[in-house]
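What follows is each chain in one-letter form.
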Amino acid sequence: MTARISTWIATLALLEITAGAAAADGPTISQAWARATAPGVDVGAAYLTLDGGAADDSLVSASSARAAMVHLHTVEESGGVAKMRAVEGIDVPAKRRVVLAPKGTHIMLMGLSRPLVAGETFPLELRFAKAGPVGVIVLVRAAGADAPPPPAPR
């Protein structure tokens, strides 16, 4: 394993621990990732796993220095056609898991300052109704990736 990959794994493990500690009784965030974008494309999406804390909460917004606008989106199928739409919040029930994934609920990044490149990371701040702001680092995976990176070893 190269030193660069080892450093990324260690960083991701630390960030998962930090995200969980930041909101002790609130939701914890893991497996934050995005797909690489093509040159000239200024939209992308971030995906992650939210584990509910001691009480119900709701993800109400997100922001990133990498994007001019960040929205919470769902994908709904109607008449065999998938349609994406912005939502005002994503419920995170107590002690339940909510997975943001391709073709489903996700965080839309619009007006990217530059393309997302596989292997890089970028910060994303999530704001919860009760737990408040929680920062997470997003790992950019290959353009064709369809799953989060494997969990960091503990």
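Analysis parameters
Per chain, residue numbering runs from 1 following the sequence as it is written. Note on the predicted model: pLDDT of at least 70 is required for a residue's local features to be given, and 80 or more for side-chain atom pairs to be given and counted; whole-chain, interface and lining totals, by contrast, use all residues. Heavy atoms from the whole structure form the basis of all side-chain values; hydrogens and water molecules are not counted. Numbering of helices and strands starts at the N terminus; helices are DSSP runs of H or I of at least 4 residues and strands are runs of E of at least 2. Put simply, a salt bridge is a Lys or Arg side-chain nitrogen that is within 4 Å of an Asp or Glu carboxyl oxygen. Residue exposure (1.4 Å probe, protein chains only): buried if accessible area is under 20% of the type maximum, exposed if over 50%, otherwise partly exposed. In summary, the pairing rule links any two rings of Phe, Tyr or Trp, Trp by its six-membered ring, whose centres are within 6.5 Å, and it sorts them by plane angle into stacked for under 30 degrees, edge-to-face for over 60 and tilted for everything else. It only takes one pair of heavy atoms within 4.5 Å for two residues to be counted as in contact. In this scheme, strands are said to pair when DSSP sees at least two bridges between them. Values of pLDDT, the confidence the predictor places in each residue, fall between 0 and 100.

A.B. asks: So, the overall build of the chain: which residues are in play, and what are the values?
C.D. replies: Across its full length, the chain holds one helix and 10 strands. Scanning the chain from its N terminus toward the C terminus, one meets helices and strands in the order α-β-β-β-β-β-β-β-β-β-β.

A.B. asks: Explain the pattern of salt bridges to me, and be specific about the residues and the numbers.
C.D. replies: A full pass over the atoms with the stated rule returns five salt bridges. One salt bridge connects Glu120 with Arg66, and the closest N-O pair in it is separated by 3.0 Å. Residue Glu120 is found in the loop between strand S8 (106-112) and strand S9 (121-128), and its partner Arg66 is found in the loop between strand S3 (57-63) and strand S4 (67-78); the two are separated by 54 residues along the sequence. Look at Arg66 and you get buried, because its relative accessible area is 7%. Between Glu76 and Arg85 there is a salt bridge; the shortest N-O distance is 3.0 Å.

A.B. asks: I'd love a proper account of the packing of aromatic side chains, names of residues and values included.
C.D. replies: To describe a pair of aromatic rings, one takes the distance between the centres and the angle between the planes. Using the criterion set out here, one finds one aromatic pair in the structure. Here the aromatic rings of Trp33 and Tyr47 are separated by 4.8 Å at their centres, their planes lie at 45°, and the arrangement is tilted. Of this pair, Trp33 sits in strand S1 (residues 28-35) while Tyr47 sits in strand S2 (residues 43-51); the two residues are 14 residues apart in sequence, bridging distant segments of the chain. Of the residues examined, Trp33 reaches a relative accessible area of 2% and is grouped as buried.

A.B. asks: An account of the environment of Glu125 is needed here, citing residue identities and associated values.
C.D. replies: Take Glu125: it is sitting in strand S9. The spatial distance from the C-alpha of Glu125 to the C-alpha of Ile137 is 8.6 Å, given a sequence separation of 12 residues. Residues in contact with Glu125, not counting those within four places in the same chain, are Ser61, Ala62, Ser63, Pro133, Val134 and Gly135.

A.B. asks: An account of the pairing of strand S10 (residues 132-141) is needed here, citing residue identities and associated values.
C.D. replies: Note: S1 against S10, three bridges, orientation parallel. Across the sheet, residue Trp33 finds its bridge partner in S10, namely Leu139. Relative to S10, S9 is paired through eight bridges, and the arrangement is antiparallel. Bridged to Phe128 within S10 is Gly132. A loop of three residues connects S9 with S10, the two strands running antiparallel in sequence.

A.B. asks: Tell me what's going on with the confidence of the model for the chain, and back it up with residues and numbers.
C.D. replies: On average, residues of the chain score 86 in pLDDT, and 81% of them are at 70 or above. Contacts of residues 3-23 to residues separated by more than four positions or lying in other chains number 23 contacts, the stretch itself having pLDDT below 50.

A.B. asks: Please provide a residue-by-residue account of the pairing of S4, values included.
C.D. replies: Bridge analysis of S4 against S8 gives six bridges, and the strand direction is antiparallel. Paired with His71 across the strands is Met108, a residue of S8. With seven bridges joining them, S4 and strand S5 (residues 81-87) adopt antiparallel strand pairing. Following the sheet pairing, Glu77 is matched in S5 by Ala82. Hairpin remark: S4 followed by S5, antiparallel, with two residues in the connecting loop; positive phi at Gly79, about 60°.

A.B. asks: Which residues make up the environment of Ala68, and what values do they have?
C.D. replies: The residue Ala68 is located in strand S4 in this model. Looking at Ala68, the relative accessible area reads 65%, which means it is exposed. Put simply, Ala68 and Val43 are 25 residues apart on the chain and 9.9 Å apart in space, counted from C-alpha to C-alpha. Residues contacting Ala68, with those up to four places away along its chain left out, are Met110 and Gly111.

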